[in-house]
Amino acid sequence: QVQLVESGVGLVQSGGSLRLSCAASGSIFSIYIMVWYREAPGKQRELVATITNSGNTNYADSVNGRFTISRDNAKNTVALQMNSLKPEDTAVYYCNSRQHGGMASWGRGTLVTVSS
C-alpha cells in the first residue's frame with residue numbers, strides 16, 4: 001500500500017503562483033508514475049500532469065507552460081509548481097500514484113482557490 005498526503009492549500013489571486021507537494025510513504029518501490037489530478041466544482045476530475053520514475057513529464061493542454069511537475073526521490077515527494085494561475089484553475093487537487101500490479105493510491109486532496 002502507498003499513502004499519499006498533499007500539502008499547499010491556498011488562496012491566490014489571478015496571475016499568482018502556488019506550489020503543491022505530495023509526500024508518499026509505504027510501498028513506494030512499486031510506484032512507476034505519479035499524477036496530479038484536479039476536480040473543479042461541478043466538473044469531472046481531470047488529469048493535470050504526470051511524471052514517471054525516469055522523470056518524463058506530461059501535461060494537460062490547459063496547464064502546459066504554466067505548471068511544472070517534479071519529483072524528489074530522496075524525499076519521496078512530488079511537487080506541482082503552478083504559475084500564472086487563472087480562476088478556472090480553482091479546484092481540489094489530488095495526488096495519485098500508480099503501482100505495478102494495477103494498484104493505485106489517492107491523497108485526500110487539497111483546495112486551490114484562484115480569485116479574479
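Please read all numbers here as calculations on a predicted model, not as lab measurements. (Residues numbered from 1 in each chain as written. Predicted model: local features only at pLDDT ≥ 70, side-chain atom pairs only at ≥ 80, totals over all residues. Heavy atoms only, no water.)

Comments concerning the side chain of serine 97
Part 1 of the argument: Residue position: serine 97 is located in strand E9 (residues 91–99).
Part 2 of the argument: Serine 97 sits in the buried class, given a relative accessible area of 0%.
Part 3 of the argument: In this structure the side chain of serine 97 is engaged in a polar contact, spanning 2.6 Å, whose partner is the side chain of glutamine 99.
Part 4 of the argument: Once you skip the residues sitting within four places of it in the chain, serine 97 turns out to touch Val2, Leu4, Ile31, Ile33, Met34, Met103, Ala104 and Ser105. (Helix = DSSP H or I, 4+ residues; strand = E, 2+ residues; numbered from the N terminus. Buried < 20%, exposed > 50% of the residue type's maximum accessible area, 1.4 Å probe, protein only. Polar contact = N/O pair within 3.5 Å; in protein donor to acceptor, adjacent residues only side chain to side chain. Contact = heavy atoms within 4.5 Å.)

Describing unusual backbone geometry
As a rule of thumb, non-glycine residues mostly have phi less than zero, and peptide bonds are mostly trans rather than cis.
Part 1 of the argument: Here asparagine 76, not a glycine, exhibits a phi torsion of approximately 55 degrees, which is positive.
Part 2 of the argument: Within the fold, asparagine 76 resides in the loop between strand E7 (67–72) and strand E8 (77–82).

Considering the state of the cysteines
Part 1 of the argument: On inspection of all chains with the given rule, the structure shows one disulfide.
Part 2 of the argument: The partner cysteine of cysteine 22 in its disulfide is cysteine 95, sulfur to sulfur 2.0 Å. Between cysteine 22 and cysteine 95, the disulfide has an S-S torsion of -80 degrees and is therefore left-handed. Residue cysteine 22 is located in strand E3 (residues 18–26), and its partner cysteine 95 is located in strand E9; the two are separated by 73 residues in the primary sequence. Each member of the pair, cysteine 22 as well as cysteine 95, is classed as buried. (Disulfide = S-S within 2.5 Å.)

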